[in-house]
Amino acid sequence: MLPAHRGKGYGAEAVGVMCHYGFRIRGFQRLQVETLADNHGMIAAAERNGFVREGLLRRNAWVDGGFHDELVLGLLADEWRP
(Lines give C-alpha, C1' and ligand atoms only; values in the text may rest on other atoms or scores of the structure.)
Protein backbone atom coordinates (compact mmCIF):
# COMPACT_ATOMS: atom_id res chain seq x y z
CA MET A 1 0.00 0.00 0.00
CA LEU A 2 1.27 3.47 -0.81
CA PRO A 3 2.66 5.30 2.22
CA ALA A 4 0.03 8.06 1.96
CA HIS A 5 -2.72 5.49 2.49
CA ARG A 6 -1.18 3.52 5.36
CA GLY A 7 -2.61 3.69 8.87
CA LYS A 8 -6.17 4.44 7.72
CA GLY A 9 -7.60 0.97 8.32
CA TYR A 10 -7.80 -0.08 4.67
CA GLY A 11 -5.67 -3.19 5.25
CA ALA A 12 -7.79 -4.33 8.20
CA GLU A 13 -10.93 -3.74 6.16
CA ALA A 14 -9.55 -5.78 3.25
CA VAL A 15 -8.66 -8.66 5.61
CA GLY A 16 -12.20 -8.50 7.01
CA VAL A 17 -13.68 -8.78 3.52
CA MET A 18 -11.48 -11.80 2.82
CA CYS A 19 -12.59 -13.38 6.12
CA HIS A 20 -16.23 -12.87 5.15
CA TYR A 21 -15.61 -14.46 1.77
CA GLY A 22 -13.64 -17.38 3.19
CA PHE A 23 -15.95 -18.21 6.08
CA ARG A 24 -19.42 -17.15 4.88
CA ILE A 25 -19.21 -17.64 1.12
CA ARG A 26 -16.75 -20.54 0.79
CA GLY A 27 -17.44 -22.27 4.11
CA PHE A 28 -13.80 -22.60 5.15
CA GLN A 29 -13.09 -23.66 8.70
CA ARG A 30 -9.69 -22.00 8.94
CA LEU A 31 -7.81 -19.11 7.36
CA GLN A 32 -4.07 -18.56 7.60
CA VAL A 33 -1.81 -15.56 7.03
CA GLU A 34 1.90 -15.94 6.40
CA THR A 35 3.81 -12.67 6.30
CA LEU A 36 7.30 -11.39 6.95
CA ALA A 37 7.83 -10.97 10.68
CA ASP A 38 8.64 -7.28 10.23
CA ASN A 39 5.47 -6.52 8.24
CA HIS A 40 3.81 -4.73 11.15
CA GLY A 41 0.94 -3.37 9.05
CA MET A 42 -0.18 -6.81 7.87
CA ILE A 43 0.23 -8.30 11.33
CA ALA A 44 -1.89 -5.52 12.86
CA ALA A 45 -4.58 -5.88 10.16
CA ALA A 46 -4.78 -9.63 10.76
CA GLU A 47 -4.88 -9.31 14.55
CA ARG A 48 -7.64 -6.66 14.34
CA ASN A 49 -9.71 -9.30 12.60
CA GLY A 50 -9.06 -11.93 15.27
CA PHE A 51 -6.07 -13.79 13.83
CA VAL A 52 -3.79 -15.34 16.45
CA ARG A 53 -0.02 -15.70 16.17
CA GLU A 54 0.70 -19.40 15.82
CA GLY A 55 4.34 -19.62 14.94
CA LEU A 56 7.52 -18.12 13.64
CA LEU A 57 9.29 -19.68 10.68
CA ARG A 58 12.88 -18.60 11.16
CA ARG A 59 14.80 -17.57 8.04
CA ASN A 60 12.04 -19.05 5.89
CA ALA A 61 11.69 -16.40 3.18
CA TRP A 62 14.32 -15.34 0.68
CA VAL A 63 13.76 -11.61 0.02
CA ASP A 64 16.11 -9.12 -1.62
CA GLY A 65 19.14 -11.37 -1.32
CA GLY A 66 18.68 -12.52 2.24
CA PHE A 67 16.66 -14.81 4.45
CA HIS A 68 13.94 -13.37 6.67
CA ASP A 69 11.62 -14.72 9.35
CA GLU A 70 7.96 -15.33 8.56
CA LEU A 71 5.09 -15.17 11.01
CA VAL A 72 2.09 -17.52 10.77
CA LEU A 73 -1.28 -16.32 12.03
CA GLY A 74 -4.47 -18.37 12.04
CA LEU A 75 -8.19 -17.83 12.53
CA LEU A 76 -10.92 -20.46 12.91
CA ALA A 77 -14.46 -19.93 11.64
CA ASP A 78 -16.01 -20.07 15.11
CA GLU A 79 -13.52 -17.47 16.40
CA TRP A 80 -14.26 -14.87 13.69
CA ARG A 81 -16.38 -11.89 14.68
CA PRO A 82 -17.49 -9.84 11.66
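Above this note sits the structure.
About the criteria used
Residues numbered from 1 in each chain as written. Predicted model: local features only at pLDDT ≥ 70, side-chain atom pairs only at ≥ 80, totals over all residues. Heavy atoms only, no water. Pairing = 2+ DSSP bridges. Helix = DSSP H or I, 4+ residues; strand = E, 2+ residues; numbered from the N terminus. Axes fitted to C-alpha atoms, helices over the stretch in contact; angles between N-to-C directions. Contact = heavy atoms within 4.5 Å. Expected span 1.5 Å × (residues − 1). Buried < 20%, exposed > 50% of the residue type's maximum accessible area, 1.4 Å probe, protein only. Arc of directions from axis to C-beta. Phe/Tyr/Trp six-rings, centres within 6.5 Å; stacked < 30°, edge-to-face > 60°.

Draft legend 1. Representation of the sheet that holds strand S1 (residues 30–36) within the structure. Strand order in the open sheet formed by three strands is S1-S3-S2, and the pairing between neighbours is antiparallel. Sheet topology places S1 and strand S2 (52–63) at the edges, where each strand pairs with a single neighbour. Pairs of neighbouring strands in the sheet enclose a mean axial angle of 25°, with direction left out of account. Summarising the sheet, S1 and strand S3 (residues 66–76) pair through seven bridges and their orientation is antiparallel. Its bridge partner lying in S3, Gln32 is registered against Gly74. Contacting S1 and S3, helix H1 (residues 10–25) runs over the sheet at an angle of about 145° to S1. Across the sheet, helix H2 (residues 40–48) touches S1, S2 and S3, and the angle it forms with S1 is around 160°.

Draft legend 2. Just H1, in detail. For H1, which comprises 16 residues, the first-to-last C-alpha distance of 21 Å matches the rise-based estimate of 22 Å (1.5 Å per residue) to within 8%. All of the buried residues along H1 are Ala12, Val15, Gly16, Cys19, Gly22 and Phe23. Buried residues of H1 fall within an arc of 130° about the axis and therefore sit on the same side. Along H1, exposed side chains directed more than 90 degrees from the buried face belong to Glu13, Val17, Met18, Arg24 and Ile25. Those residues of H1 that are buried are in contact with S1, H2 and S3. Gly27 sits one or two residues past H1 and shows a positive phi near 75°.

Draft legend 3. Region of interest: the packing of aromatic side chains. Counted according to the given criterion, the structure contains two aromatic pairs. Between Phe23 and Trp80 the ring centres are 5.7 Å apart and the planes differ by 40°, which places this aromatic pair in the tilted class. Of the two residues, Phe23 is situated in helix H1 and Trp80 in the segment after S3; the sequence distance between them amounts to 57 residues. The burial state of Phe23 is the same as that of Trp80; both residues are buried. Measuring from ring centre to ring centre gives 4.7 Å for Trp62 and Phe67, while their planes differ by 70°; the resulting arrangement is edge-to-face. Residue class for Trp62 comes out exposed when judged on its relative accessible area of 56%.

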